[in-house]
Number of protein chains: 2
Amino acid sequence: MITVAVDAMGGDNAPSEIVAGAVAAVGKRQDIKVLLVGKEDVVKKELAKHTYRAEQIELVPASEVIETEEPPVNAIRRKKDSSIVVGMNLVKQKKADAFVSAGSSGAILVGGQVIVGRIKGVERPPLAPLIPTEKGVSLLIDCGANVDARPSHLVQFARMGSIYMEHVLGMKQPRVAIVNIGAEEEKGNALVKETFPLLKACTDIHFIGSIEAREIPHGGADVIVSEAFVGNVILKLYEGVGATLIHMIKESMLQSGLPAKIGALLVKPALKKSLKSFDATEYGGAPLLGLNGLVVKTHGSSKATEVCNSIIQCVTFKEQGINEKIKESLGRQEAQTKNQPEA
Amino acid sequence: MITVAVDAMGGDNAPSEIVAGAVAAVGKRQDIKVLLVGKEDVVKKELAKHTYRAEQIELVPASEVIETEEPPVNAIRRKKDSSIVVGMNLVKQKKADAFVSAGSSGAILVGGQVIVGRIKGVERPPLAPLIPTEKGVSLLIDCGANVDARPSHLVQFARMGSIYMEHVLGMKQPRVAIVNIGAEEEKGNALVKETFPLLKACTDIHFIGSIEAREIPHGGADVIVSEAFVGNVILKLYEGVGATLIHMIKESMLQSGLPAKIGALLVKPALKKSLKSFDATEYGGAPLLGLNGLVVKTHGSSKATEVCNSIIQCVTFKEQGINEKIKESLGRQEAQTKNQPEA
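Residues numbered from 1 in each chain as written. Chains lettered and ligands numbered in written order. Predicted model: local features only at pLDDT ≥ 70, side-chain atom pairs only at ≥ 80, totals over all residues. Heavy atoms only, no water.

A. Spatial organisation of the relation of the copies chain B and chain A. Here chain B sits on chain A after a turn of 180° about the axis and a move of 0.0 Å along it, with an RMSD of 0.0 Å. Such a combination of rotation and displacement between the chain copies is what one expects of a two-fold axis. Looking at the rotation axis and the C-alpha trace of chain B, the residue lying nearest is Gly263(B), at 1.8 Å. Looking at chain B, 100% of its interface residues are interface residues in chain A too, so the copies touch through the same face. (Least-squares fit on C-alpha atoms with pLDDT ≥ 70 in both. Contact = heavy atoms within 4.5 Å.)

B. Quick look at the packing of helix α6 (residues 151-167) of chain B against helix α7 (residues 190-201) of chain B. All names here are of chain B. Their axes nearest at 9 Å, the elements α6 and α7 cross at an angle of 50°. Taken as axis vectors, α6 and α7 run oblique relative to one another. In this structure, α6 crosses over α7, and the sense of that crossing is right-handed. Contact with α6, carried on its side by Pro151, Leu154, Val155 and Ala158, involves Leu191, Glu194, Thr195, Leu198 and Leu199 of α7 and no other residues of that element. (Axes fitted to C-alpha atoms, helices over the stretch in contact; angles between N-to-C directions. Helix = DSSP H or I, 4+ residues; strand = E, 2+ residues; numbered from the N terminus. Parallel < 35°, antiparallel > 145°, perpendicular 65-115°, else oblique. Left-handed = near helix turned anticlockwise from the far one by under 90°.)

C. Local environment of helix α10 (residues 304-319) of chain B. Residues and elements named next belong to chain B. Taking 1.5 Å as the rise per residue, α10 with 16 residues should run 22 Å; its terminal C-alpha atoms sit 23 Å apart, in good agreement. Turning to α10, its buried residues number three or more, namely Ala304, Glu306, Val307, Cys308, Ser310, Ile311, Ile312, Gln313, Cys314, Val315 and Phe317. Phi turns positive one or two residues past the end of α10, at Gly321, with a value near 60°. (Expected span 1.5 Å × (residues − 1). Buried < 20%, exposed > 50% of the residue type's maximum accessible area, 1.4 Å probe, protein only.)

D. Quick look at the sheet that holds strand β6 (residues 136-141) of chain A. All names here are of chain A. Here 5 strands make up an open sheet; going across it, the order is β5-β6-β9-β7-β8 and the pairing mixed. Sheet topology places β5 (130-133) and β8 (206-211) at the edges, where each strand pairs with a single neighbour. Averaged over neighbouring strand pairs, the angle between their axes works out to 30° when direction is ignored. Bridge analysis of β6 against strand β9 (residues 223-225) gives 3 bridges, and the strand direction is parallel. Within β9, the residue paired with Leu139 across the bridge is Val223. The sheet strands contacting helix α8 (residues 228-255) are β5, β6 and β7 (175-179), and the helix crosses β5 at an angle near 50°. (Pairing = 2+ DSSP bridges.)

E. The interface of chain B and chain A, seen in detail. Each partner contributes residues to the interface: chain B has 49 residues there, and chain A has 49 residues. Around 4,600 Å² of area is buried between chain B and chain A when both sides are counted, 78% of it from carbon and sulfur atoms. Three residues, Ile181(B), Phe229(B) and Leu237(B), lead the burial of chain B against chain A; their summed loss comes to 15% of the area buried on that side. Our count for the contact surface shared by chain B and chain A stands at 4 salt bridges. (Buried area = accessible area lost by both parts, 1.4 Å probe. Salt bridge = Lys/Arg side-chain N within 4 Å of Asp/Glu carboxyl O.)

F. Expanded view of unusual backbone geometry. Cis geometry is found at the peptide bond from Ala14(A) to Pro15(A), where omega equals -5°. With respect to the helices and strands, the residue Pro15(A) is situated in the loop between β1 (2-7) and α1 (16-28). For Asp148(B), which is not glycine, the phi dihedral falls at a positive 50°. You can see Asp148(B) is positioned in the loop between β6 (136-141) and α6. With a relative accessible area of 43%, Asp148(B) lands in the partly exposed category.

G. Representation of the environment of Ala304(A) within the structure. Position of Ala304(A) among the secondary structure elements: in helix α10 (residues 304-319). Setting aside residues up to four positions removed in sequence, Ala304(A) forms contacts with Glu17(A), Ala20(A) and Gly21(A).

H. Region of interest: the pattern of salt bridges. Per the counting criterion, the structure on display carries 24 salt bridges over all chains. Of the charged contacts in the structure, one is a salt bridge between Lys33(A) and Glu58(A), with a shortest N-O distance of 2.9 Å. One end of the pair, Lys33(A), is in strand β2 (residues 32-38); the other, Glu58(A), is in strand β3 (residues 57-61), and 25 residues separate them in sequence. As a salt-bridge pair, Arg159(B) and Asp204(B) come within 2.8 Å of each other at their nearest N and O atoms. Highlighted residues: Arg159(B) in helix α6 and Asp204(B) in the loop between α7 and β8 (206-212), separated in sequence by 45 residues. Of the residues examined, Asp204(B) reaches a relative accessible area of 27% and is grouped as partly exposed.

I. Quick peek at the confidence of the model for chain A. With 96% of its residues at a pLDDT of at least 70, chain A reaches an overall mean of 90. ipTM for the predicted complex: 0.89, alongside a pTM of 0.90. (pLDDT = per-residue confidence, 0-100.)

J. A look at helix α2 (residues 40-47) of chain B. Residues and elements named next belong to chain B. The complete set of buried residues in α2 reads Val43, Glu46 and Leu47. Down the axis of α2, the buried set is contained in an arc of 100°. They therefore lie on one face. Among the exposed residues of α2, those pointing more than 90 degrees away from its buried face are Asp41, Lys44 and Lys45. (Arc of directions from axis to C-beta.)

K. Main features of the pairing of β2(A). All names here are of chain A. By the criterion of burial, β2 is predominantly enclosed, with 6 of the 7 residues buried. As judged from the 6 bridges shared by β1 and β2, these two strands associate in the parallel manner. Across the sheet, Thr3 pairs through a bridge with Lys33, a residue of β2. Relative to β3, β2 runs parallel, the two sharing 5 bridges. Residue Leu35 lies in a different strand from β3, and its bridge partner there is Glu58.

Have a look at this one:
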């Protein structure tokens, strides 16, 4: 039995879509228990609209809500009875294996570190969303809020990302690359140049070198390593360019003559399908890796399907023992570092 | 009369499209003289295919070509008779006002600094391509090869970019923004946090604050300031996401049933038009600003139209006295800095 705490109050479509997502998840699998965290009366009212196995969903009251615009550090400190703080405490106290929220990214990132806490040896927990590519999906690690990373952080990101892609997504030997402005080893800023040889020396990842941003949408690598500032730019530009192009395509078809208008109707289903597969917000469940437990940030605009998927994702994470694998990997790393000066 | 040296040997479509572009430019304006730099026999043969006013095009022989994959610093040093080195020397010796090349980006960036040289006071010359947005175009400054910038560099980029957009593109009070991972002033990495107050204090630019990457394609700012690593990632991801989406849309239409296939034919013209307007490679003429003269890097895949546009762009640059305006602006900046400690 895996227990997932879910923030019933977070995101644009809370609480209705969140509750519906939780109901869908327990409908799919009998080995999940969902702890819905939120305002008691509100969540109760939503739950009353659904039928589900009562033993699989439990309501955990939390009287406060952290808003997106609140400064995260303050919010986490002050709103002790908010759905995010209460949910994360459930993970900390081992009453839940994971916490899923579509709420304030900042609060989730801060809470993950401050409340749930890092696995011993993890220097910085990265936020790692999946982004769509021509070939499927890639893991973009890190898109968190901790900027100005050090080379050792990026090496840990590469290791953790590799474990995630191999064991949660079932990808054999995921190709790991570092974001750079050229393919050659001597290119890059100081951080990339320092990190490159360290990644090359890692024996437990399949490092393929640098990746230029142009190659990311083509699926040039499975684990895309970058410090959080650049990662954030990539993630948000993905969304922005996609949304703008789709908008422009629609406009141009509608503003053209009758033949194009008829054509637009005929291509609509095919178009919708391919555009949807390239919508970064569709792959909403971004894990915050390296914590004592699992925290998953789903996109603010998540609907029931994405919430349900994020909950199920937690099951795979737990079943595959990702955190144990991360601990092992970091243990090996430490042993290697210790052996080096003695050699 | 404005004299533009053009690298006849650079880019994927050299020499035919380059020569055709030069012929088109002199056909459009009688006040331009083009110096076509390249292998004598090759360029002569191409020129023979066209008719043009002979006094407007002159061939300047250069026996060598710098290839894209050559390490730029070495190439500039060794290939003294390459089209890039010869063309840049024409600018240095004031025999040409500008140099246009679709060749090796690295060699153009190095040559611009080493051969043409910086305007006194310019700390670092930025490469500033125009990128398409929903509303038109924005200037992305810097996408060059010099990474790990300092705050003072970014402030100069903002000033130079603002002058360029106002006087070359005729935009009143261009909105200047710095690329950041959130809209709030306290967000960002060390570089952005240090640069933000400096930009805020600039009285000669219209600084609107931070811009998230998501807002760039929507046209959220006219001058988008960033250090070169992030600028490069933005530029290349723009190309990559656009190309991938277009590819996927085409595929999905063709793989669908007959109605979609018919529809695809009907929407094709409208689709083509809107996709073309969003193709970053279409706006190929990126100026390398802050040099004693003008160097314009056009996209490697440039055809005659883009080459012609880049040449005409040099005329506006010269006519509007952009370099004089940059000198004035930096002079004011220096005066301000000097006054501060005395105050």
